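Descriptive analysis of the structure
This is what each chain is made of:
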Amino acid sequence: MDSVFDLLVIVLLGLSSISAFMVVVSLLLPTPIIKIQNVLDKRPGRSLLLGFVNFAFFGLIATLSGWAADQLSGVLEAIFTVFAGVIVLG
């Protein structure tokens, strides 16, 4: 039960960090953000397709890293586990 609570805290802190980052970027760089919004309004299908391709690619990389971590031991297992975790968290 403690691991579920820990995971929930990590996810909530991660979401709040991402939200804060987005607010800071929009305050510091308003002109590029407006340009990006205009491009996304003109081509929403392109950004959806690009997001799906990235999701599939990085999902495959994370899955392969997790599989490699199961096959290895020691320091390499830790490295592949952290790598897969960073990809999944991102």
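Residues numbered from 1 in each chain as written. Predicted model: local features only at pLDDT ≥ 70, side-chain atom pairs only at ≥ 80, totals over all residues. Heavy atoms only, no water.

**What to know about the packing of aromatic side chains**
In this structure the tally under the stated criterion is 1 aromatic pair. Note on F57 and F58: the rings are 5.1 Å apart at their centroids and 75 degrees apart in plane angle, and the pair reads as edge-to-face. Relative accessible area serves as the criterion here: at 44%, F57 is assigned to the partly exposed category. Look at F58 and you get partly exposed, because its relative accessible area is 41%. (Phe/Tyr/Trp six-rings, centres within 6.5 Å; stacked < 30°, edge-to-face > 60°. Buried < 20%, exposed > 50% of the residue type's maximum accessible area, 1.4 Å probe, protein only.)

**Section: a nonpolar patch on the surface**
Together, L7, L8, V11, L12 and L15 make up a nonpolar patch on the protein surface, roughly 470 Å² of accessible area in all. Relative to the helices and strands, L7 is located in helix α1 (residues 2-28). Relative accessible area serves as the criterion here: at 53%, L7 is assigned to the exposed category. (Patch = residues over 30% accessible without salt bridge, like charges linked within 9 Å, V, L, I, M, F, W, Y side chains within 5 Å. Areas by Shrake-Rupley, 256 points an atom, 1.4 Å probe, with all protein chains shown as cover. Salt bridge = Lys/Arg side-chain N within 4 Å of Asp/Glu carboxyl O. Helix = DSSP H or I, 4+ residues; strand = E, 2+ residues; numbered from the N terminus.)

**Examining the packing of helix α3 (residues 44-71) against helix α4 (residues 75-89)**
Where α3 meets α4, the axes come as close as 8 Å, and the angle between the chain directions of the two elements is 155 degrees. Comparing their axes, α4 and α3 come out roughly antiparallel. For α3 against α4, the interelement crossing comes out left-handed. In this structure, α3 uses F58, I61, A62, S65, G66, A68 and A69 to contact α4, whose residues at the interface are E77, F80, T81, F83, A84, I87 and V88. Looking at the contact of α3 with α4 residue by residue, the classes come out as 10 nonpolar, 3 polar and 1 charged. (Axes fitted to C-alpha atoms, helices over the stretch in contact; angles between N-to-C directions. Parallel < 35°, antiparallel > 145°, perpendicular 65-115°, else oblique. Left-handed = near helix turned anticlockwise from the far one by under 90°. Contact = heavy atoms within 4.5 Å. Nonpolar A, V, L, I, M, F, W, Y, C, P; charged D, E, K, R; others polar.)

**Examining the side chain of S65**
For S65, the position within the fold is in helix α3. In this structure S65 comes out as buried when scored by relative accessible area, which is 5%. Discounting chain neighbours no more than four positions away, the residues touching S65 are F80, F83 and A84.

**Regarding the environment of V25**
If you trace the backbone, V25 turns up in helix α1. Sequence separation between V25 and I79 is 54 residues, and the spatial gap between their C-alpha atoms is 31 Å.

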